[in-house]
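Commentary on secondary and tertiary structure
What follows is each chain in one-letter form.
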Amino acid sequence: MNAAFHYLIMAEHAMLQKGLLIRLKGTGLTLGQPKVLDYLKEHNGASQKEIAKGCHIEAGSLTSILNRMEDKGIVERRMLNGNRRSSYIFLTEKGIELLHLVTESFNALEEKASLNIPDTQRENFMQTLNQIYANLQEDL
């Protein structure tokens, strides 16, 4: 298969999302929520603006995602230092449990994607992908 770069990236992304949602079936998580949970793993208590930037999600879309997550008891919004203009997002106990499932699912998908690829080739690919990301980020 000699598909174009953009096609392969978009197709891989779609397969990764589909595989993730299959693995998380029955959890109630919807598209966009696993990415937010994964971000909060390292940034629990982040502002909505930080999450939007870190997850590459538009602010309006993130608000909808967070509202659904809050309604399900996965995250909670808190004000810090009496600042009423900004809320910060924290994982709840339920959110931490779901985060473990999300992390296991991402790890399983990465392991599947890496089958039969030697470590050095995978490391080179990751370096290249990081450089592509940096190159494209310059324009945004």
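Look a little higher up for the structure.
Structure report, in brief. (Residues numbered from 1 in each chain as written. Predicted model: local features only at pLDDT ≥ 70, side-chain atom pairs only at ≥ 80, totals over all residues. Heavy atoms only, no water.)

**Considerations on the pattern of salt bridges**
Tallying each qualifying case throughout the model produces 4 salt bridges. K41 is the salt-bridge partner of D38, the closest N and O atoms lying 3.2 Å from each other. Taken together, the residues span about one helical turn, with D38 and K41 both in helix α2 (residues 33-43) at a distance of 3 residues. Given the relative accessible area of 28%, D38 is considered partly exposed. (Salt bridge = Lys/Arg side-chain N within 4 Å of Asp/Glu carboxyl O. Helix = DSSP H or I, 4+ residues; strand = E, 2+ residues; numbered from the N terminus. Buried < 20%, exposed > 50% of the residue type's maximum accessible area, 1.4 Å probe, protein only.)

**Describing the packing of α2 against helix α4 (residues 59-71)**
One way to put it is that α2 packs onto α4 with a least axis distance of 10 Å and a crossing angle of 85°. Here α4 runs roughly perpendicular to α2, going by the angle between their axes. Between α2, through Q33, V36 and L37, and α4, the contact on the second element is made entirely by L62, I65, L66, R68 and M69. Broken down by class, the residue content of the contact of α2 with α4 amounts to 6 nonpolar, 1 polar and 1 charged. (Axes fitted to C-alpha atoms, helices over the stretch in contact; angles between N-to-C directions. Parallel < 35°, antiparallel > 145°, perpendicular 65-115°, else oblique. Contact = heavy atoms within 4.5 Å. Nonpolar A, V, L, I, M, F, W, Y, C, P; charged D, E, K, R; others polar.)

**Let's talk about the environment of N81**
Here N81 shows up in the loop between β2 (75-78) and β3 (88-91). Each C-alpha atom, one on N81 and one on S47, is 13 Å from the other, the two residues being 34 residues apart in sequence.

**Topic: the packing of aromatic side chains**
For the structure shown, the criterion picks out 0 aromatic pairs. Cation over ring: R78 sits above F90, and NZ or CZ is 3.9 Å from the ring centre. (Phe/Tyr/Trp six-rings, centres within 6.5 Å; stacked < 30°, edge-to-face > 60°. Lys NZ or Arg CZ within 6 Å of the ring centre and 35° of its normal.)

**A short note on the pairing of β3**
Of the two faces of β3, the one holding Y88 and F90 and the one holding I89 and L91 are both buried throughout. In terms of strand pairing, strand β1 (residues 46-47) meets β3 through 2 bridges, oriented antiparallel. Bridging across to β3, S47 finds its partner in Y88. Sheet topology note: the β2/β3 ladder contains 4 bridges and is antiparallel. Following the sheet pairing, E76 is matched in β3 by F90. (Pairing = 2+ DSSP bridges.)

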